[in-house]
Amino acid sequence: MRPSEVIEQARQAFHEGASDRAVELAEHVIARYPRHASARLVRALKAEADGELDQALEDLRFVISAEPLNARAAAATARIFQQREDDARAQDEARRVVELVPDVGDNASLESALDILGVDADALPMTPGVFARIHLRSGWPGTAERYARRALDEEPDRIDIRLTLAEALWQLNRLSQCEEQCTIIFDRANDCVRAAVMLAHVLAERGRMAEGQDLLGRAGEIDPEYLEARQMLAQLEIHRLVLPDVPQIDVPASIRPTHAAPESAPPPAAQPDDADVTAESMPSDEPVEPTGEPEAEPEGAAFTQVDWVRELIRREDWREAERVLREIVEDDALAPADVDGLLEEAAGRPAFAATAWQLLGDFRMRTRRPQAAAEAYLRAAGSSEETDA
Amino acid sequence: MPDAQALLADLKALDDVDGAVVWRTGAAPVGDLAENVSPVAPGLLASGIGTMEQVVETVGLGHVDELWFLTEAHQGLAVRLGDWQAIIVVSLDADIDSLRNAVTERLERQA
């Protein structure tokens, strides 16, 4: 099981009120990856719920340093300041949550922030920081840069805005200016994963591969699956950085969720009570279609084709994974960056790497990026040789 | 893509053609090369030619219609016609001029 899957289950357990099991799962990941930001966030939320505010704040400071754009962490910090009747800081953090423009699925963070600010959503001021985030997320880095610079004129210490500016510059391929901003970010948030990824790319582009890889490795301590790095680097037509394989983590039966995945696990009562048995050791004999309503899905969540292919890869059902990925590549329904990211993620599994790289090459040819396609095909050839050896 | 597969079969049937790769702009390449080369060879050849086209265009030399290469054992010819592109790999003693005409003719039929 990937660490992010364990954390997703921890989050789900937390939302269902099973906070003890949530924190057990998070601690299990932290034991292996002490700087895992998402695991530390789950632990912080549990500490907040238990009224252990100092402990919660300690984890939240780390999470915000690693992920300055994490709206959940900012919202939790705002709530803690409010509990401590530090209204000024609570409102500052709440404003920051709003300006981060949380994802659609993260209404809770926005609601917390609006509650602290005492305003309705339609009364929110549209600040340059908000515009910067919206424009960057809409794929307009040029205007995002202008708004971010205006926002920084007003609040030069805002690391989240500076990170938005750095990302805009990075997307505009103004690497020296991006590096300058990343250096300032590291002064204040030296664990920042996204800044590390951008700086690693800048170093690699200058031929300082070892330094770039080393920096990327530091980001991997916080995000061991390199999810942020994969998502960011997938925007590039080509890069020289090597992303390590996606790690797997065993979850002891004692803390394994009773409805973990939409597939293989038998009903809880039928599970062996053996602490050494992992979820991976219980493969399903029967193929499971992604239709229906698997228990594991959070309420309202759609089980997408992408979820399905990830599940197939987790089960090591390579043939079916290849079939579904081929459909994804051919139907043009997803954004190219998303398909690139998914295939690079799939290529992280050595047994599937050659196929995934070849599919990525085909996809890049389809999307008229021959140079990037050549890179993918070369990796496919390299993976085939490794497999043959 | 049936069109690409048909064109590929057509090219492979030409005298002296040892291998061929075919693709249409916006589609993945299909190929039939010698058995002892890498399974990703069609993709590599196609993306390599595509990269070369981009390079030539980027430096302002115009659009590439044909590329020919020579190794110690083979000749290779890439021909573009509109959205369609084909690469053939032939032996050293093959008549590349007549093959060029044959490939172009088949691409014209496809276009």
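Let me sum up the structure you'll find in this document. (Residues numbered from 1 in each chain as written. Chains lettered and ligands numbered in written order. Predicted model: local features only at pLDDT ≥ 70, side-chain atom pairs only at ≥ 80, totals over all residues. Heavy atoms only, no water.)

### Topic: the overall build of chain B
Which entries qualify depends on this criterion: By definition, any uninterrupted DSSP run of H or I lasting at least four residues is a helix, any uninterrupted run of E lasting at least two residues is a strand, and each is numbered from the N terminus. For every residue, the accessible area obtained with a 1.4 Å probe (protein chains only) is divided by the maximum for its type, and the residue is called buried under 20%, exposed over 50%, and partly exposed between those limits. Between two residues, a contact is recorded if the distance between any of their heavy atoms is within 4.5 Å.
Along its length, chain B carries three helices and five strands. Reading chain B from its N terminus to its C terminus gives the helix and strand order α-β-β-α-β-β-β-α. Across the 111 residues in chain B, those meeting the buried criterion constitute 42%. Across chain B, contacts joining residues at least 24 apart in sequence account for 44% of those joining residues at least 6 apart.

### Regarding the overall build of chain A
Definition in use: Working definition of accessibility: Shrake-Rupley area with a 1.4 Å probe, residue cover restricted to the visible protein chains.
Within chain A, the secondary structure is distributed over 19 helices and zero strands. Out of the 389 residues belonging to chain A, those deemed buried represent 53%. Counted over contacts in chain A with a minimum sequence separation of 6, partners at least 24 positions apart contribute 58%. Entry remark: accessible area of chain A is about 18100 Å², with carbon and sulfur atoms responsible for 47%.

### Quick word on the pairing of strand 1 (residues 17-24) of chain B
Residues and elements named next belong to chain B. For the record, the criterion: Strands are treated as partners if at least two bridges between them are detected by DSSP.
With six of eight residues buried, strand 1 lies mostly within the body of the structure. In terms of strand pairing, strand 1 meets strand 5 (residues 84-91) through seven bridges, oriented antiparallel. Pairing of Val17 across the sheet is with Val90, part of strand 5. Across three bridges, strand 1 lies against strand 2 (residues 30-32) in antiparallel orientation. Paired with Val21 across the two strands is Gly31, which belongs to strand 2. What sits between strand 1 and strand 2 in their antiparallel hairpin is a turn of five residues, with Gly26 showing a positive phi close to 85°.

### Remarks on the interface of chain B and chain A
Note the threshold: As used here, buried area is the combined drop in accessible area, with a 1.4 Å probe, of two parts when they are placed together. Basic side-chain nitrogens of Lys or Arg form a salt bridge, by our definition, when they fall within 4 Å of a carboxyl oxygen of Asp or Glu. The nonpolar class holds Ala, Val, Leu, Ile, Met, Phe, Trp, Tyr, Cys and Pro. Asp, Glu, Lys and Arg form the charged class, and all remaining residues, Gly among them, are polar.
In this assembly, 16 residues from chain B lie in contact with 14 residues from chain A. Between chain B and chain A the total buried area reaches about 1200 Å² when both faces are included, carbon and sulfur atoms providing 67% of it. For the pair chain B and chain A, the number of links is zero salt bridges. Looking at the side of chain B that touches chain A element by element, the count peaks at seven residues for helix 2 (residues 41-58) of chain B. In terms of residue class, the side of chain B that touches chain A is made up of eight nonpolar, eight polar and no charged.

### What to know about the pattern of salt bridges
Where charged atoms of side chains with opposite charge meet at close range, the side chains can pair. All names here are of chain A. The full count for this structure, using the stated rule, is 45 salt bridges over all chains. One salt bridge connects Arg11 with Glu8, and the closest N-O pair in it is separated by 3.0 Å. One end of the pair, Arg11, and the other, Glu8, are both in helix 1 (residues 3-15), three residues apart, so they sit about a helical turn from each other. Look at Arg11 and you get partly exposed, because its relative accessible area is 24%. Between Arg349 and Glu316 there is a salt bridge whose closest N-O contact spans 2.9 Å.

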